Structures are given as structure tokens and as C-alpha cells.
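What follows is each chain in one-letter form.
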2 protein chains.
Amino acid sequence: MERAGIRDVAAAAGVSITTVSDALNGKGRLPDETRSKVREVAERLGYRPSAAARTLRTGRSGLIGLTVTTYGQEPFTFTEFAYFAEMARAATSAALTRGYALVVLPATSRHDVWGNVALDGTVVIDPPDHDPMVAELYRQGLPVVSDGRPGNCPVTAWVDNDHASAVLEILDHLAAAGARRIGLLTGTSTDTYTRLSTDAYLGWCHRVGQEPLYEEYPAHDPCAGAVAADRLLARPDRPDAVYGLFDPNGTDLLAAARRYGLRVPEDLLLVCCSESDVYATTEPPITTLSLKPQRIGTTVVNLLIDAIEGIGPVPGTDTPEGQLMPTELIVRRSSQRRPPRTTVSAPREPGEE
Amino acid sequence: MERAGIRDVAAAAGVSITTVSDALNGKGRLPDETRSKVREVAERLGYRPSAAARTLRTGRSGLIGLTVTTYGQEPFTFTEFAYFAEMARAATSAALTRGYALVVLPATSRHDVWGNVALDGTVVIDPPDHDPMVAELYRQGLPVVSDGRPGNCPVTAWVDNDHASAVLEILDHLAAAGARRIGLLTGTSTDTYTRLSTDAYLGWCHRVGQEPLYEEYPAHDPCAGAVAADRLLARPDRPDAVYGLFDPNGTDLLAAARRYGLRVPEDLLLVCCSESDVYATTEPPITTLSLKPQRIGTTVVNLLIDAIEGIGPVPGTDTPEGQLMPTELIVRRSSQRRPPRTTVSAPREPGEE
DNA sequence: GTTTGTTGAAGATACGTTTCTCCATGAGCA
DNA sequence: TGCTCATGGAGAAACGTATCTTCAACAAAC
């Protein structure tokens with residue numbers, strides 16, 4: 001019992017291969033009668049067109065690559081930060097909506113798999129300067145859209161948050177809440193996010209005349225984060241407010257504060273960049289900056305598909321279209337000196353029964 | 001500047017197409033001299049074999065589908081639970097290691113995308129009873145491996161945790177810590193995980209003579225979880241220990257306990273099933289059951305690839321090979337009446353400077 | 001001197017579509 | 001009767017690879 005091909009359908013319906021193809025794809029000039037007849041026969045035979053053959057013929061696979069930066073030898077720590085997971089999910093969803101599927105691939109160009117899968121285009125997350133892989137993809141004529149400003153490689157388009165503005169907003173927010181010495185928990189890596197955020201912090205410090213107080217650690221190592229948080233609060237010139245650039249920083253800082261007997265927010269104001277909603281229920285709830293990865297993932301994929309399908313900016317225009325997306329500061333108790341009256345009341349009072 | 005095909009390489013190297021193919025794939029009988037010559041020319045022309053053509057010819061795409069159950073209209077809430085994210089990551093990684101790529105697809109069989117991508121096999125997460133999609137895949141002759149016991153559909157193999165044993169272990173653990181009335185926070189859905197776990201709980205209650213105390217809610221709705229947690233602790237016959245089946249239950253229960261003035265673990269013992277490490281740093285840290293999604297993802301993919309490549313059990317053997325994977329109970333303070341002396345000391349004492 | 005075997009490589013076919021080109025047929029019109 | 005036009009559909013050429021078969025050349029063995 002072989003899989004039915006288009007030939008079998010044609011034979012069974014008593015028409016030509018062309019007619020079957022046209023009928024099924026809604027092309028050509030055919031009377032409705034023939035169309036439905038062919039469709040019925042195809043259905044009866046359980047005919048499924050071969051994706052491989054169609055791809056070979058049309059040059060379109062309907063597949064989009066999603067490249068994830070790898071830390072160390074582990075291919076993907078992209079679950080480490082909720083940002084990646086959320087972004088990937090939104091990207092997958094957006095792709096499916098437009099009839100494409102997403103393939104997650106490692107950022108190391110020399111993996112066998114890259115040659116074995118036919119891609120229509122690729123989404124690259126935070127490519128480093130002069131990324132050889134992006135260059136190679138571009139040379140092959142494949143559209144490439146990056147999440148994060150491309151270091152110095154030719155991409156079709158890019159999307160990013162306005163990290164500098166976001167940091168400034170947070171620092172102002174903390175200062176308004178009474179912070180005098182704001183510290184920063186940052187990373188040692190040289191990706192765009194870390195660099196832009198740190199630079200914005202340093203610039204702000206310079207402008208308001210505060211001495212920078214920061215600790216950096218390799219962001220991919222969760223243990224190092226806890227140690228760095230501890231180091232920051234153990235300094236002789238201990239900050240009275242801290243912004244942590246990475247997702248787990250909130251809990252790490254909270255734990256460190258607890259160890260040192262610091263009350264949040266009375267003794268220490270806390271903000272961290274995170275997509276996780278656990279910070280809504282910590283004690284106290286922690287103010288977070290959301291980068292809105294869903295929006296970014298969706299936008300990136302749609303830009304890419306536009307490029308694939310020839311919609312959007314003219315290819316001749318060599319200046320890649322960049323797009324800045326807004327962030328969202330979710331203010332909770334950890335960054336407010338006067339905690340607002342809690343508005344969420346328990347469904348029932350314990351003694352009410 | 002067209003993309004170079006195998007023909008161009010053959011012409012440039014002065015050999016036939018066959019020779020190029022053989023040289024590049026390490027087949028045929030060719031002297032090393034010819035081999036390296038051809039390889040060099042191919043490299044110079046930037047030749048990349050067409051994945052589509054190869055797939056059409058060989059019938060192998062090197063692509064594996066990963067099907068995720070969808071709640072409501074949103075295609076993927078699989079980031080909701082860290083389990084799915086971790087599992088998907090491990091699966092992706094395992095696939096890449098063996099030269100395959102992973103495509104995430106929705107579990108609704110009638111999505112266009114299913115027909116447009118050539119799959120060598122599929123991993124299905126927790127398929128419901130009589131899943132039509134699995135049946136269809138199986139009919140097409142594609143290997144299908146499921147994460148979770150297959151309800152009643154033909155799969156090549158499956159992998160699952162021993163949920164019943166895990167629940168019993170937890171209940172015994174709680175009872176040993178002094179719990180007299182153990183409650184359960186469970187789901188309304190009928191998937192295998194929920195069913196097996198709840199049944200195990202009910203069976204245990206029956207055996208030890210405790211009246212079941214449980215609340216159920218639609219697991220895909222995070223708000224409902226908080227409400228259900230509250231409901232459970234507001235009961236007149238309030239439990240003195242609770243096991244929550246889903247990832248966010250820990251924080252929800254903790255918040256609810258706080259509202260009712262219940263101290264953990266003194267007044268309430270807490271355990272939940274989660275892969276998230278935030279529970280290591282909550283106050284108090286919460287005991288969790290890890291399903292080890294990494295191990296499951298890896299195993300599932302390897303079983304699938306074995307089936308694709310003809311390794312493993314004979315296809316004639318109709319009884320699908322099932323495999324039970326161990327879980328891991330990570331005991332923390334929330335489930336111990338006598339909190340152990342904390343062994344993790346701060347790097348420096350605050351006053352030490 | 002014929003057979004046998006081995007090495008190196010070319011020819012040709014098939015994989016299953018899509019699509020371009022072209023051909024009947026019959027109707028409308030002068 | 002001829003001509004144009006629209007309609008419905010068939011033929012055949014790709015798409016780029018892998019592989020089965022064939023073949024020449026030459027050496028070794030009988």
C-alpha cells in the first residue's frame with residue numbers, strides 16, 4: 001500500500017496531472033465541477049502532496065530558521081531566560097499564522113544540520129559583530145532579520161528595544177522613589193543588550209554625578225549571578241537601590257538582601273529585567289522591566305516573511321530598516337518607598353466562615 | 001550570480017555529476033586525488049547541495065516534528081510550564097546531536113503547515129485518547145513517539161514518568177513530616193498526567209483512611225490557579241499539607257497561605273511539581289517534584305530517530321515499547337517540620353568589612 | 001589468447017511536483 | 001464559410017539530487 005501520488009489521483013479521476021494540480025491549488029481555468037470531482041478523489045485516496053517535491057519545484061519550503069546563541073557547549077540555554085522562551089513561542093505562533101513553520105537551529109554555522117534543511121529565511125537573535133554566519137546566509141541570498149541591532153553584518157531588517165531609554169526610565173523611577181546610590185548588576189558579555197544598558201547607566205551616573213556602583217558576571221551562569229548579587233550588597237559603599245539586567249537577578253538580590261538583613265523596599269529598592277510573573281508574588285513583589293518579547297518575536301517573523309514574499313521595502317535599499325519597540329515597566333512594591341494600599345483582597349476572609 | 005548546482009561543480013571540475021555526488025558524500029570508488037579535487041572545486045564555487053532535492057530523492061528530510069497541545073486558541077502556551085520549555089530544549093538539542101532539526105507544530109491536524117513540511121517522524125506530547133492526528137500520522141507510515149502514555153492511539157514508542165509512584169512518594173513524605181490532612185491542587189483536564197496523579201492521590205486517601213481534600217481548576221488558566229489555591233485553603237476542613245500538580249501552584253499556595261496567616265512549614269506543608277528553580281529562593285524554599293524533562297526529551301527524540309533509521313525494535317512487534325523514567329523529589333524547607341540547619345552561608349558577613 | 005576481475009567514472013533514470021506552452025473544441029460574428 | 005476568442009484541458013520540461021547500470025581500460029590468471 002504505497003502512498004498515493006498526484007499521478008494516482010489523475011488516473012483515478014480520469015484527468016491529467018496538470019488538472020489535478022490546478023484543481024487542488026486553485027489555479028488554472030477549470031469548471032467547479034471538475035475541481036470538486038478531483039478534490040473528492042484526492043480525499044478518497046488520502047492524497048498528500050509531497051512537500052519535498054513542491055519545495056524543489058517552487059523554491060519555497062515554508063520553513064524559517066530561528067538561530068539561538070549558544071553559551072558554552074550546551075546548544076541552548078535559551079530556556080534560562082524567560083525572554084527567549086517567550087520570544088520563540090511568539091515567533092512560532094506568528095510563523096504558523098502565516099503558513100510557515102519554525103526550525104530552531106544553533107548559531108554555529110558549521111553544524112551539519114544547516115546544510116540539510118531548506119530555509120526561506122532566518123531570524124537571528126542578537127548576532128555578534130561581523131557574524132560569519134549571517135554573512136554567509138546573506139551571501140546565499142536568504143533574508144535575515146535580527147532581534148537586536150546587528151553588530152556589523154548585513155541584515156534585511158532588525159527589531160530591538162530602546163534599551164538606553166528603558167534604563168534611564170528605571171533610574172529616574174528609582175531616583176524619584178528616593179534612591180541616592182543606584183547600583184547595577186550587569187553582565188560580562190559583549191552583546192548589544194548588555195553594552196547599551198551598561199553604557200546608559202554609566203552615562204546617567206556621569207550626568208547626575210553619582211559614582212557608578214556595579215558588579216558584572218557571566219550572564220549564562222546562574223550561580224555566578226547569586227554571587228555577584230551578594231558581592232554588590234556586600235560593598236562598603238552599598239547601594240540603596242539596584243537594577244539587575246537579567247531575569248534571575250530579582251530573586252538573587254532578594255535572597256542576598258535577606259541575608260544582610262536589608263528590608264525591601266525600606267532599605268533597598270529593587271528592579272530587574274524579567275518576563276517571569278513570579279515576581280508578582282514574591283515577598284515583596286518586585287518591579288520588573290518587560291521587554292515584551294511576544295511583540296518582538298511577532299514583529300521579527302512578520303518582517304522576515306514580508307521580505308520572503310517580496311512585500312515591504314525594496315531590496316535595492318541597502319539601509320536595513322530598523323525598528324524600535326517599547327518596553328514596559330511594571331511597578332510593584334519593591335521600588336516604592338510608600339507601598340500603595342494593596343487592592344487585591346482575598347476572595348474570603350479566613351475567619352469569615 | 002546564480003547559486004551553483006552540482007552540475008556547475010561537475011563542469012568546473014571536469015568530471016561527471018555522479019563523480020561529484022560520490023566524492024562529496026564519500027560513496028562510490030574514487031581515488032583520493034579525485035575526491036579532494038572535487039571537494040576543492042565545490043568549496044571554491046560555494047556549492048551547497050539543495051536540501052529539497054536531496055529530500056525528494058532520498059525520502060529523508062532530517063526534520064522531526066514536535067507537537068504541542070494547544071489550550072484555547074493560543075497555539076502555544078507551552079512556555080507557561082517550564083516543563084515544556086525544558087523538554088523542547090532537550091529534544092531540540094538531542095535532535096541536533098544526531099543531525100536532525102526540530103520543527104514545532106500545533107496539535108491541530110488541520111493546520112496548513114502540516115502538509116507543507118516533510119517530516120521523518122513526530123514527537124507528540126501527551127496525546128489525548130483516540131487522537132485523530134496521531135492516527136493519521138501512523139497511517140502515513142511515519143514513526144510517532146509520545147511523551148506520556150498514549151491514550152488509545154498507535155504509537156511507535158512512548159516515554160513517561162511513573163506519576164503514580166511519584167505522588168505516593170510525596171504523600172508518604174508529607175505524612176512522615178507530620179501531615180494529617182493532605183490536600184491536592186489538581187486540574188480539570190483529562191490528560192494522562194492529571195488523571196494518573198489524581199487517581200493515585202485518591203487511592204492513597206482511601207488506603208490510609210483520609211477523606212480526599214482537593215480543588216481542581218483548568219490548568220491552562222494561571223488566574224484560575226491562584227483562585228483555586230485560595231479556595232483550597234479557605235475550606236472549613238483546611239488541609240495541613242498541600243501538593244500542587246502544576247508549576248505555578250507553589251507561589252500561588254504560598255501567597256494564599258500568607259493571606260490567611262498560615263506559616264510554612266509550621267502550619268502548612270507545601271510541595272509542588274515544578275521545573276523552575278525559583279522555588280529554591282522563595283521564603284521559605286519550596287519542595288518540588290521534578291519530572292526531569294531533559295531526560296524525557298532526550299529519550300523521546302532518540303527513540304524516534306532510532307525508529308526512523310530502522311534501529312531498535314522490529315516494526316512487526318506491534319506492542320509499542322513503553323519506558324518509565326524516574327522523577328526526583330527535591331526536598332526543601334516547605335515540607336519539613338524541623339527545618340534543617342541552613343548549610344549555605346553567605347560569601348561574606350555584612351559586618352565583616 | 002581468451003577469460004575474469006578490478007578500478008574509475010560516465011549515462012540515464014527517478015523522486016513528485018509546478019507551470020509554461022500549446023492544442024482542441026465550439027461559440028460568436030462578419 | 002472563414003476568422004477570432006474564450007474555455008477546458010493535456011504534454012512536457014524543468015527543479016537538483018542520488019543511485020542503478022553500464023562501460024572502458026587495463027591487469028592478472030588460466
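See the structure above.
Residues numbered from 1 in each chain as written. Chains lettered and ligands numbered in written order. Predicted model: local features only at pLDDT ≥ 70, side-chain atom pairs only at ≥ 80, totals over all residues. Heavy atoms only, no water.

Novice: Describe the overall build of chain A, and please don't skip the residues or the numbers.
Specialist: Helix and strand content of chain A: 12 helices and 12 strands. Relative to its full complement of 353 residues, chain A shows a buried share of 50%. Considering only residue pairs separated by 6 or more positions, chain A has 68% of its internal contacts joining residues 24 or more positions apart. For chain A, the exposed area adds up to about 16,300 Å²; of that, 51% sits on carbon and sulfur atoms. (Helix = DSSP H or I, 4+ residues; strand = E, 2+ residues; numbered from the N terminus. Buried < 20%, exposed > 50% of the residue type's maximum accessible area, 1.4 Å probe, protein only. Contact = heavy atoms within 4.5 Å. Areas by Shrake-Rupley, 256 points an atom, 1.4 Å probe, with all protein chains shown as cover.)

Novice: Quick rundown of the protein's contact with DNA strand C? Include the residues and the values.
Specialist: The environment of DNA strand C is made up of 27 residues, and the closest members are A:Ile6, A:Arg57, B:Ser16, B:Thr19 and B:Arg29. Here the atoms of DNA strand C within 4 Å of the protein split so that 57% fall in sugar or phosphate, with bases taking the remainder. Measuring from a phosphate oxygen of DNA strand C, one finds a backbone N or O atom of B:Ser16 at 2.7 Å. Among the elements that take part in the surface near DNA strand C, helix 2 (residues 17–25) of chain A stands out by supplying five residues, more than any other. (Near = heavy atom within 4 Å. Polar contact = N/O pair within 3.5 Å; in protein donor to acceptor, adjacent residues only side chain to side chain.)

Novice: I'd like a rundown of the pairing of strand 5 (residues 157–161) of chain A, residues and numbers included.
Specialist: All names here are of chain A. Most of strand 5 is tucked away: five of the five residues are buried. Residue alternation in strand 5 divides its side chains into two sets, Ala157, Val159 and Asn161 and Trp158 and Asp160, and both sets are buried. As paired strands, strand 4 (residues 144–147) and strand 5 are joined by three bridges and run parallel to one another. Opposite Ser146, over in strand 5, you have Trp158 as the bridge partner. (Pairing = 2+ DSSP bridges.)

Novice: Could you give an account of the protein's contact with DNA strand D, naming the residues involved and the relevant values?
Specialist: Around DNA strand D, the structure places 26 residues, and the nearest of them are A:Ser16, A:Thr19, B:Ile6, B:Tyr47 and B:Arg57. Measuring from a phosphate oxygen of DNA strand D, one finds a side-chain N or O atom of B:Arg54 at 2.9 Å. Broken down by secondary-structure element, the contributors of at least two residues to the surface near DNA strand D are helix 2 and helix 4 (51–58) of chain A together with helix 1 (6–13), helix 2 (17–25) and helix 4 (51–58) of chain B. Each residue belonging to the surface near DNA strand D can be placed in one class, and the counts come to eight nonpolar, 10 polar and eight charged. (Nonpolar A, V, L, I, M, F, W, Y, C, P; charged D, E, K, R; others polar.)

Novice: Explain the environment of A:Arg180 to me, using residue names and the numbers behind them.
Specialist: In this fold, A:Arg180 is placed in the loop between helix 8 (163–176) and strand 6 (182–187). What A:Arg180 contacts, discounting residues up to four positions off in sequence, is A:Gln210 and A:Asp240.

Novice: So what about the pattern of salt bridges? Which residues, and what values?
Specialist: Using the criterion set out here, one finds 28 salt bridges over all chains in the structure. Note that A:Arg231 and A:Glu215 form a salt bridge whose closest N and O atoms lie 2.8 Å from each other. You can see A:Arg231 sitting in helix 10 (residues 222–234) and its partner A:Glu215 sitting in strand 7 (residues 213–217), a full 16 residues away along the chain. On the basis of relative accessibility, which here comes to 32%, the residue A:Arg231 falls in the partly exposed class. B:Arg235 serves as the salt-bridge partner of B:Glu215, at 3.4 Å between the closest nitrogen and oxygen. Of this pair, B:Glu215 sits in strand 7 (residues 213–217) while B:Arg235 sits in the loop between helix 10 (222–234) and strand 8 (241–244), placing them 20 residues apart in sequence. Several salt bridges share partner residues, and in doing so they unite A:Glu215, A:Arg231, A:Arg235 and A:Asp237 into one network. (Salt bridge = Lys/Arg side-chain N within 4 Å of Asp/Glu carboxyl O.)

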